Amino acid sequence: MSQIAIEVDADNLLGRQFSELERQNLPFAIMQAVNATAFEIREQWKRVAPRVFDRPTSLTRNAAMYRKATKDRLYAEVFLRDEAVKGAPPAKYLVPQVEGGVRRKKAFEVLLQQKGMMPAGQFAVAGRGAKLDAYGNVRAAEITKILSQLGAQRDAYQNQSNASARRRASRKRRGGEYFAITKQRGRLRPGIYERIGTGFGSAVRSIFIYTSRATYRPRYDIFGLAQRQWDKLMPFYFNRELAKALQSSKYRGAA
């Protein structure tokens, strides 16, 4: 779990003198203020993600989560979601964006390497002929087709049979024939290509190109963003919640 630890006492809130009534209400006021601030940090991450990433997925936009403070645990935990129904959870794939460095292998890259269709230690990046989805990634349906045709699916029943391959090859239509090369072949770099039919014969277009490095530069300073939000908002929410708690106590006759 990618988690953030932040100084709770922003702006030395608890360093001042408190009255007896204020001290009685401190735990509740702190709990309320911490939760309000953690909520705002999560919302700020949602607003920042589209400015940092090109068409981020819903999972990326909603990657930030928080665990509320209680009267017995006067701090909130702000963290990146570490689970996902499909694909890698944000806590894994966002780390290179936060800290920089080489990205993790994707599931389809591992399958291709296991079948010897992609050199070990390399990564697959979108080629010029790839059709991208709304988020700038090669479409999942096309990746599934590629793995099926190349016989690289983990489930053997999902791989294309020889009969299916012959039927596909006999159809005169554009696209749909994928092949992988692991070494330079003329002007074709190692990668995955689609063979297409044109009015002048056949041609190929690149879907993935293999590269030895797929790195990210740090560009999503979520830790700095969270600290700045905390320093800015915690004093406001603390003073507001303490004032509300005092008013409630006086109304009940606790003064």
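Since the structure is predicted, the reported quantities are computational estimates derived from the model, not experimental observations.

Reading guide: rules and limits
Position labels on residues start from 1 in each chain and follow its written sequence. Where totals are concerned, whole chains, interfaces and linings use all residues; where local detail is concerned, this predicted model gives features only for residues with pLDDT of at least 70, and gives and counts side-chain atom pairs only at 80 or more. Hydrogens and water are ignored here; the side-chain numbers use all heavy atoms of the structure. Here, the term nonpolar core denotes a set of buried Ala, Val, Leu, Ile, Met, Phe, Trp, Tyr and Cys residues that are joined through side-chain atoms within 4.5 Å. Working definition: with a 1.4 Å probe on protein chains only, accessible area under 20% of the residue-type maximum means buried, over 50% means exposed, and in between means partly exposed. By the criteria applied, helices consist of DSSP H or I runs no shorter than four residues and strands consist of E runs no shorter than two, each listed in order from the N terminus. For this document, the term salt bridge refers to a Lys or Arg side-chain nitrogen within 4 Å of an Asp or Glu carboxyl oxygen. Here a polar contact is taken to be a pair of N or O atoms separated by no more than 3.5 Å, where protein atoms must pair a possible hydrogen donor with a possible acceptor and residues adjacent in sequence count only if both atoms sit in side chains. Of all possible arcs, the one meant is that of the directions from the helix axis to the C-beta atoms. Two strands are counted as paired when DSSP detects at least two bridges linking them. A fitted line through C-alpha atoms represents every axis, and for helices the fit uses only the stretch in contact; the resulting angles, taken between N-to-C directions, go from 0 to 180 degrees. Each pair of aromatic rings taken from Phe, Tyr and Trp, with Trp reduced to its six-membered ring, is defined by centres within 6.5 Å and is described as stacked if the planes are under 30 degrees apart, edge-to-face if over 60, and tilted in the remaining cases. We count a charge as sitting over a ring when the NZ of a lysine or the CZ of an arginine lies within 6 Å of the ring centre and within 35 degrees of the ring normal.

*Asks:* Whenever I open this one, the nonpolar core confuses me. Can you help?
*Replies:* Grouped burial of nonpolar side chains is what soluble globular proteins tend to show. Among the nonpolar cores identified, the biggest contains 37 residues, and Val34, Trp45, Leu80, Tyr220 and Phe238 are the most heavily contacted of them. Listing elements by their share of this core, those giving two or more residues are helix H1 (20-52), strand S2 (64-67), strand S3 (77-80) and helix H8 (222-251). The biggest single contributor to this core is H1, with 14 residues. Within the second largest apolar cluster, 16 residues are counted, among which are Met118, Ala130, Val138 and Ile192.

*Asks:* How should the pattern of salt bridges be read in this particular structure?
*Replies:* Side chains bearing opposite charge may pair, as long as their charged atoms lie close to each other. Applying the stated criterion across every chain, the model contains seven salt bridges. Between Glu77 and Arg67 there is a salt bridge, with its nearest N and O atoms 2.3 Å apart. Of this pair, Glu77 sits in strand S3 while Arg67 sits in strand S2, and the two are 10 residues apart along the sequence. The partner of Lys244 in a salt bridge is Glu241, and the shortest N-O contact between them spans 3.5 Å. Taken together, the residues span about one helical turn, with Lys244 and Glu241 both in helix H8 at a distance of three residues. Lys244 gets classed as partly exposed once you look at its relative accessible area, which sits at 46%. What you see here is one network of salt bridges that share partners, running through Arg42, Glu43 and Lys46.

*Asks:* Before we go on, may I ask you to explain the side chain of Arg205 in this structure?
*Replies:* Structurally, Arg205 is set in strand S8 (residues 201-211). Given the relative accessible area of 18%, Arg205 is considered buried. Only 2.8 Å separates the side chain of Arg205 from the side chain of Glu194, close enough to count as a polar contact.

*Asks:* For this particular structure, what's the right way to read helix H5 (residues 107-114)?
*Replies:* Along an α-helix, residues three or four positions apart point the same way, because every turn accommodates 3.6 residues. Phe108, Glu109, Leu111 and Leu112 are the residues of H5 that are buried. Across the axial projection of H5, the buried residues extend over an arc of 160 degrees, all falling on one side. Opposite the buried face of H5, at more than 90 degrees from it, the exposed residues are Ala107 and Gln114. One or two positions beyond H5, positive phi appears at Gly116, with a value near 75 degrees.

*Asks:* How do you make sense of the sheet that holds strand S7 (residues 191-198) when you look at a structure like this?
*Replies:* Pairing between the strands of a sheet comes from backbone hydrogen bonds, and it takes one of two forms, parallel or antiparallel. One open sheet holds the four strands; their spatial order is S5-S8-S7-S6, and the pairing between them is antiparallel. On the outer flanks of this sheet lie strand S5 (123-126) and strand S6 (177-181), each paired with one strand and no other. The mean angle between the axes of side-by-side strands here comes to 35 degrees, regardless of whether they run parallel or antiparallel. By the bridge criterion, eight bridges tie S7 to S8 in an arrangement that is antiparallel.

*Asks:* Please explain the packing of aromatic side chains as it appears in this structure.
*Replies:* We describe a pair of aromatic rings using the distance from one ring centre to the other and the angle between the two ring planes. Within the structure shown, the criterion is met by four aromatic pairs. Between the aromatic rings of Phe18 and Phe238, the centroid separation amounts to 6.4 Å while the plane-to-plane angle is 80 degrees, which identifies the pairing as edge-to-face. A residue pair is termed long-range when its members are at least 10 positions apart, and Phe18 in the loop between strand S1 (3-4) and H1 and Phe238 in helix H8 qualify at 220 residues. With 4.9 Å between their ring centres and 35 degrees between their planes, Phe108 and Phe208 make a pair best called tilted. In this pair, Phe108 is assigned in helix H5 and Phe208 in strand S8, connecting sequence segments 100 residues apart. Residue Phe208 is classed as buried on the basis of its relative accessible area of 5%. Lying over the aromatic face of Tyr75, Arg73 brings its terminal NZ or CZ to 5.2 Å of the ring centre. The ring of Phe123 carries Lys105 above its face, with NZ or CZ at 3.8 Å from the centroid.

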